[in-house]
Structure formats: structure tokens, C-alpha cells
Amino acid sequence: MGTEVIPLAEVDSVNVSILCDNSVDILMVGSAVARRFKLRNDLFEHPLPIAEHGFSALIEVQKGESSGKLMFDTGVSKQGILYNMDVMEVDAHDVQAIILSHGHPDHAMGLPGLVERLGRVGMPLILHPDAFLQRRLVLPSGMELQWPPPNKADLRRMGVEIVEEVGPSMMVDGMVLISGEVVRTTEFERGLAGHQSWRHDHWEADPLIHDDQCAIVNVAGKGLVVVSGCGHAGVINVVRNAQRITGIDKVYAVIGGFHLTGPGFEPFIEPTVAALKAIGPACVMPGHCTGWRAVQRIAVEMPDAFVASSVGTTLML
């Protein structure tokens, strides 16, 4: 992969709304940047957002009179993503393109429901070719967890315009950059042990999950906003790669899954938090697969930047 810098236009603002995540707290206190789920006096007489083990975010960018909306990941279920979109009053027809951070089911299984609701052909779906690989995770106990990918044939029958990209992709008139494959530079972010992909008629080790990618926005005067699905490349690799390909060092916000949960990843919490502090984003909202231990450490070590994630939250950046 080359080192040529990709010019990324400055935007006036970006809103990132969490449509699917592992936690929800409708009474969570907001802040200057975090707008929480709207409370009303008849709150419990209406549907409330639900949490599921997955991730989805609506990314809205604004620059002058120009604007755009992208769906970054689609959650773990057809029912969940559509339900939360209705509760949050998100109109699917405003979405201009769908981005998959990678092909794992907790990020892609809401895709058929979203496409059905759109009810039109030609919706662009941007993803890495590896996102269509059949995967599994073999645990130390020997248990195998099957991770079915999106079905390419079904998506084509539904009229989706599939755009497979290994490298970066520019979206919404140059206002959003999709990273493509992430260059791995840290010593401690080593991938997912036991993760395998079906290639050439057999299972192959696939710890690095090369289809992992993020969305990047450049907010005028404030720096990069980086939205990660799971961060299988390692969230520090993800952020440093965003800095490298844009040529912009200043990072404003890091949002999404940092994949630091479980015994295989908890040993890397401390070096990750230390590196994140050194990068110095003004806002950090870890969610999904970050894990409670890592979230707690980020909250303690970066109290001014930390924002707790919850379905129904919109970061206004």
C-alpha cells in the first residue's frame, strides 16, 4: 500500500448517531457534545431503544450548503436496526451509501432489513472483498463459533450496488474517507487468535482480518473524527493509519469498537490507553467490543475526553 496523502476536505460539522451497540441507558446525562435519547413526560408509553451485541452508526456531515448521510455498519439483526431507526426517527431514505467496517455478522446482519426498507435499487455498499469470506472462531476449548458473511448473491438480487475496495474510498463529495485496509505498525496489536477464513477449499488462519476499516472525517479547526466498527486492526493502528493517509496529525474524536474485551485482549489495554492518551483526542467514545475493563480504564485515564456510549446517543462534533 502506498504512502501518498489523500486530501480530505474540511467539514463544518459531523454528527455520529449510535443505532446499535451493546449498551443502552435512556437516563444517561448528556454533555456539550453528546445528545442523549430524548426524554418526554410520557416516555414509557412509547418504544425505547434496545441494545444488541453489534454496532451501527449514522454519520451525518455538513459543509456549507452541502450535506450527506452514511450508514456505517448495520448491527446484528434485521429487527434491531430497523426498530432503533424507528425509535430514533431515522429515515432510511436519507442514507446515501452503506459502509461495512468488515464482514462479521454483528456488523452486517442488519443489512437485508435496511435494504428491504429502502425499497430501491442502486444503493452503494462499500466493503473490502474479504468481507464476503466464510469465517469462524476456534476457541481454546475447541468450540467453533461460525460467523456467516453477507450473502453477495442475495444483495445483488435486491439491487444493491456492491463496491469492493481494498484501498481507501472517498464518499459524499470528498467529505468522508473510508480507510480501506489498515497498515499495522504497533507491536502489541496482534489480531484475533483462532480466527479463520475459508479460502481455497480449506480453513486458513486469519488473525489480522484485513477487511477491517474505519470512516474518517476532518472537522475544520478540530481535526479527525475516526469511527471504528470493531477495530480488529487495533484502535491505535486504526487512528495512526487515518493520520498517515490524510496527512493530518490532530485527532478530534475516536468512536466505536476498540476490541479490548476478553482474556486474549485485556493484556493490551494499558499500552492502548497510553497510546490513546499520547494521541490526545478531545473526545473518546468506546463501545461495542471494547469491553468494560478497557472502558473503565479510558474513563479513569482520560476523564475530560471520555463519553459513555449508549444506543440513542448522537455525538455532535
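Everything that follows concerns the structure shown earlier in this document.
Please read these numbers as outputs of a predicted model, since none were measured by experiment.

K.L.:
Break down the overall build of the protein for me, with residues and values.
P.N.:
Helix and strand counts for the protein stand at seven helices and 19 strands. Seen through its C-alpha atoms, the protein measures out along the principal axes to roughly 55 × 45 × 40 Å. Per-residue burial over the protein gives 54% buried out of 317 residues. Taking all contacts inside the protein whose residues are at least 6 apart in sequence as the whole, residues at least 24 apart take part in 76%.

K.L.:
Can you lay out the sheet that holds strand 14 (residues 202-205) for me, pointing to particular residues and giving the numbers?
P.N.:
Strand order in the open sheet formed by four strands is 9-8-13-14, and the pairing between neighbours is antiparallel. Two strands bound the open sheet, and with one partner strand each, they are strand 9 (144-147) and strand 14. Taking the axes of each pair of neighbouring strands and ignoring which way they run, one obtains an average angle of 30 degrees across the sheet. Pairing between strand 8 (residues 135-138) and strand 13 (residues 195-199): three bridges, direction antiparallel. Note on strand 13: the bridge partner recorded for Arg 135 is Ser 197.

K.L.:
Talk me through the sheet that holds strand 6 (residues 97-99); I want residue IDs and the actual numbers.
P.N.:
Strand pairing in a sheet relies on backbone hydrogen bonds. The paired strands run either parallel or antiparallel. With respect to topology, eight strands assemble into an open sheet ordered 3-19-2-4-5-6-7-10, the strand pairing being mixed. Edge positions in the sheet fall to strand 3 (34-35) and strand 10 (161-164), since each of these pairs with one other strand and no more. Relative to strand 5 (residues 66-72), strand 4 (residues 56-63) runs antiparallel, the two being bridged by seven bridges. Across the sheet, Ile 59 pairs through a bridge with Leu 70, a residue of strand 5.

K.L.:
Talk me through the packing of helix 6 (residues 269-279) against helix 7 (residues 292-301); I want residue IDs and the actual numbers.
P.N.:
For any two helices packed against each other, one specifies the crossing angle of their axes together with the interaxial distance. For the pair helix 6 and helix 7, interaxial distance at closest approach is 10 Å and the crossing angle is 35 degrees. The chirality of how helix 6 crosses helix 7 is right-handed. Two secondary-structure elements touch here, helix 6 through Ile 269, Glu 270, Val 273, Leu 276 and Lys 277 and helix 7 through Arg 293, Ala 294, Arg 297, Ile 298 and Glu 301. When the residues that make up the contact of helix 6 with helix 7 are grouped by side-chain class, the tally is five nonpolar, no polar and five charged.

K.L.:
Any chance you could break down unusual backbone geometry for me, citing the residues and the numbers?
P.N.:
Phi is mostly negative for residues that are not glycine, and the peptide bonds are mostly trans. For Val 172, which is not glycine, the phi dihedral falls at a positive 50 degrees. If you trace the backbone, Val 172 turns up in the loop between strand 11 (169-171) and strand 12 (176-178). Phi angles above zero are rare outside glycine, and His 259 is one such case at about 45 degrees. For His 259, a relative accessible area of 14% corresponds to the buried category.

Parameters and conventions
- Residues numbered from 1 in each chain as written.
- Predicted model: local features only at pLDDT ≥ 70, side-chain atom pairs only at ≥ 80, totals over all residues.
- Heavy atoms only, no water.
- Helix = DSSP H or I, 4+ residues; strand = E, 2+ residues; numbered from the N terminus.
- Buried < 20%, exposed > 50% of the residue type's maximum accessible area, 1.4 Å probe, protein only.
- Contact = heavy atoms within 4.5 Å.
- Pairing = 2+ DSSP bridges.
- Axes fitted to C-alpha atoms, helices over the stretch in contact; angles between N-to-C directions.
- Left-handed = near helix turned anticlockwise from the far one by under 90°.
- Nonpolar A, V, L, I, M, F, W, Y, C, P; charged D, E, K, R; others polar.

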